[in-house]
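Understanding the architecture of this molecule
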Amino acid sequence: MVISNEILCTFKKEWSCIESYFDPQYPEAFAAFSVEHWIAIGICIILGLLLYLFRTAIASKPSLQKTVRWGLLAALALPEASLHVWYVSTGIWDPATSLPLELCSLTLFLSIAILLTDKRRLYPLVYFAGIGGALQAVLTPNLGYPFPHFRFFHFFVVHIAIIMTALYMTWVRGYRPTWKSIAWTMVFLNVSALLVGLVNLAVGSNYMFLMRKPDTASLLDLLGPHPVYIVVEELIALSLFILMHLAFFVIPDRMRRSRRRKHERASLSSTGG
């Protein structure tokens, strides 16, 4: 009986500890660039490197593609669904804070859509807006809960999955953006901002940080007061998209063409042509 009581007491303590990881009033706060934050950044980098190194092997085997695709879908959909269950079950669901209207929430759903449909028209949005927004989120999280709270895991799993989805579609599926797709992405961002801004006015929210800067430190702190930082953010986004296109597609393509021409000239010279 004593042993049973000890086991029951231990179980209650463990259960109480687990419950605390879902507590919306968790007593500790997230600290940027803590050990746990650096580990999350490191995991993102390692997963990206592994995806790049094994891109050819994955692309050559439909079974591997299917595994990666469904793994990414699970990493996107399950944590996001769990988040909304958590909002409701803890009684903290609020239209001003709980609707999936942040930029990364939009690119999360776009990532799910492209993994399910393979629609090329969605690719620029996932590549430019997905990587741009999710990478900033991973580096400067707007997050109130530290490791090992549920929200910590949700935040980093879904944002890393958004980045990996864009890289998967690029390196494995072979999708490529164009100069026109940068314009298409900017149109999408501005239309989304307009619609989300209307929601902000209706419910008193701050989705996409259109009404004010986030409470935690972020890159927006360097971009001036409201609404100046929104205009500056647009210019930075456009510049970033152009840089991403140049650095990862335009310049490498030109370098490959240059090497090919040199190789062809060398072959002609060696054959006396």
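Just so it is clear, the structure is predicted and the values come from calculations on it, not from any experiment.

1. Concerning a positive patch on the surface
Positive charge collects at one region of the surface, where Arg254, Arg257, Arg259, Arg260, Arg261, Lys262 and Arg265 lie side by side. Looking at the secondary structure, you find Arg261 in helix H9 (residues 228–270). Overall, Arg261 belongs to the partly exposed group, its relative accessible area being 44%.

2. Points about the packing of aromatic side chains
Scanning the model with the defined rule gives 18 aromatic pairs in all. Ring geometry for Phe22 versus Phe150: centroids 5.5 Å apart, planes at 25°, classification stacked. Here Phe22 is found in the loop between helix H1 (2–20) and helix H2 (35–53), whereas its partner Phe150 is found in helix H7 (residues 150–171), with 128 residues between them in sequence. Overall, Phe22 belongs to the partly exposed group, its relative accessible area being 39%. Among the residues examined, Phe150 registers a relative accessible area of 14% and is labelled buried. Arranged with centres 5.7 Å apart and planes meeting at 25°, the rings of Tyr123 and Tyr127 form a pair that is stacked. Of the two residues, Tyr123 and Tyr127 are both situated in helix H6 (residues 123–139); the distance of 4 residues between them amounts to about one turn of the helix.

3. What about unusual backbone geometry?
Of note, the bond from Phe147 into Pro148 is cis; its omega dihedral lies within 30 degrees of zero at 10°. His226 connects to Pro227 through a cis peptide bond whose omega is 0°. In this structure, Pro227 sits in the loop between helix H8 (179–203) and H9. Even without a glycine there, the phi angle at Phe33 is positive, about 60°. Inspection of the secondary structure puts Phe33 in the loop between H1 and H2.

4. Notes on the nonpolar core
Judged by nonpolar contacts, the single largest core of 50 residues is most densely connected at Phe156 and Phe241. Of all the secondary-structure elements, those providing two or more residues to this core are H2, helix H4 (62–89), helix H5 (103–117), H6, H7, H8 and H9. Residue contributions to this core peak at 13 residues, all from H7. Setting aside anything within four residues of it in sequence, one finds Phe156 in contact with Phe30, His37, Ala40, Val138, Pro141 and Leu143.

5. A closer look at the side chain of Thr107
Counting through the fold element by element, Thr107 comes out in helix H5. Residues in contact with Thr107, not counting those within four places in the same chain, are Leu125, Ala129, Gly130 and Ile162.

6. Re the packing of H5 against H6
Contact geometry for H5 and H6: axes closest at 9 Å, N-to-C directions at 135°. As the angle between them shows, H5 and H6 are arranged oblique. Where H5 crosses over H6, the handedness of that crossing is left-handed. Residues Leu103, Cys104, Thr107, Leu110, Ser111 and Ile114 of H5 pack against Tyr123, Leu125, Val126, Ala129, Gly130, Gly133, Ala134 and Ala137 of H6. Class assignment for the residues of the contact of H5 with H6 results in 10 nonpolar, 4 polar and no charged.

Quick notes on the rules
- Starting from 1, residues in each chain are numbered consecutively following that chain's sequence as written.
- Owing to the predicted nature of the model, reporting of local features is limited to residues with pLDDT of at least 70; listing and counting of side-chain atom pairs is limited to 80 or more, with chain, interface and lining totals taken over all residues.
- Each side-chain value is derived from all of the structure's non-hydrogen atoms; neither hydrogens nor water enter the calculation.
- Note on patches: the residues involved have over 30% relative accessible area and no salt bridge, like charges join within 9 Å, and the nonpolar side chains Val, Leu, Ile, Met, Phe, Trp and Tyr join within 5 Å.
- The accessible surface values rely on the Shrake-Rupley method and a 1.4 Å probe; as for residues, cover is taken only from the protein chains in view.
- The salt bridge definition used is simple: a Lys or Arg side-chain nitrogen within 4 Å of an Asp or Glu carboxyl oxygen.
- Neither His nor the chain ends contribute to the count of charged residues, in which Lys and Arg are positive and Asp and Glu negative.
- Charge coordinates come from a single atom per side chain, which is NZ of Lys, CZ of Arg, CG of Asp or CD of Glu.
- A run of DSSP states H or I qualifies as a helix once it reaches four residues; a run of E qualifies as a strand once it reaches two. Both are numbered from the N-terminal end.
- Each residue is placed in one exposure class: buried if its accessible area under a 1.4 Å probe, protein chains only, is under 20% of its type's maximum, exposed if it is over 50%, and partly exposed if it falls in between.
- A pair of aromatic rings is counted whenever rings of Phe, Tyr or Trp (Trp by its six-membered ring) have centres within 6.5 Å, and the orientation is called stacked for planes under 30 degrees apart, edge-to-face for over 60 and tilted otherwise.
- Residues belong to one nonpolar core when they are buried, are Ala, Val, Leu, Ile, Met, Phe, Trp, Tyr or Cys, and are joined through side-chain atoms within 4.5 Å.
- Between two residues, a contact is recorded if the distance between any of their heavy atoms is within 4.5 Å.
- Where helices are involved, their axes are fitted lines through C-alpha atoms of the stretch in contact, as for all axes, and angles between N-to-C directions lie from 0 to 180°.
- Working rule for angles: under 35 degrees goes down as roughly parallel, over 145 as roughly antiparallel, 65 to 115 as roughly perpendicular, anything else as oblique.
- Handedness of a helix crossing follows the sense of rotation of the near helix relative to the far helix, less than a right angle counterclockwise being left-handed and clockwise being right-handed.
- The residue classification treats Ala, Val, Leu, Ile, Met, Phe, Trp, Tyr, Cys and Pro as nonpolar and Asp, Glu, Lys and Arg as charged. All others, Gly included, are polar.

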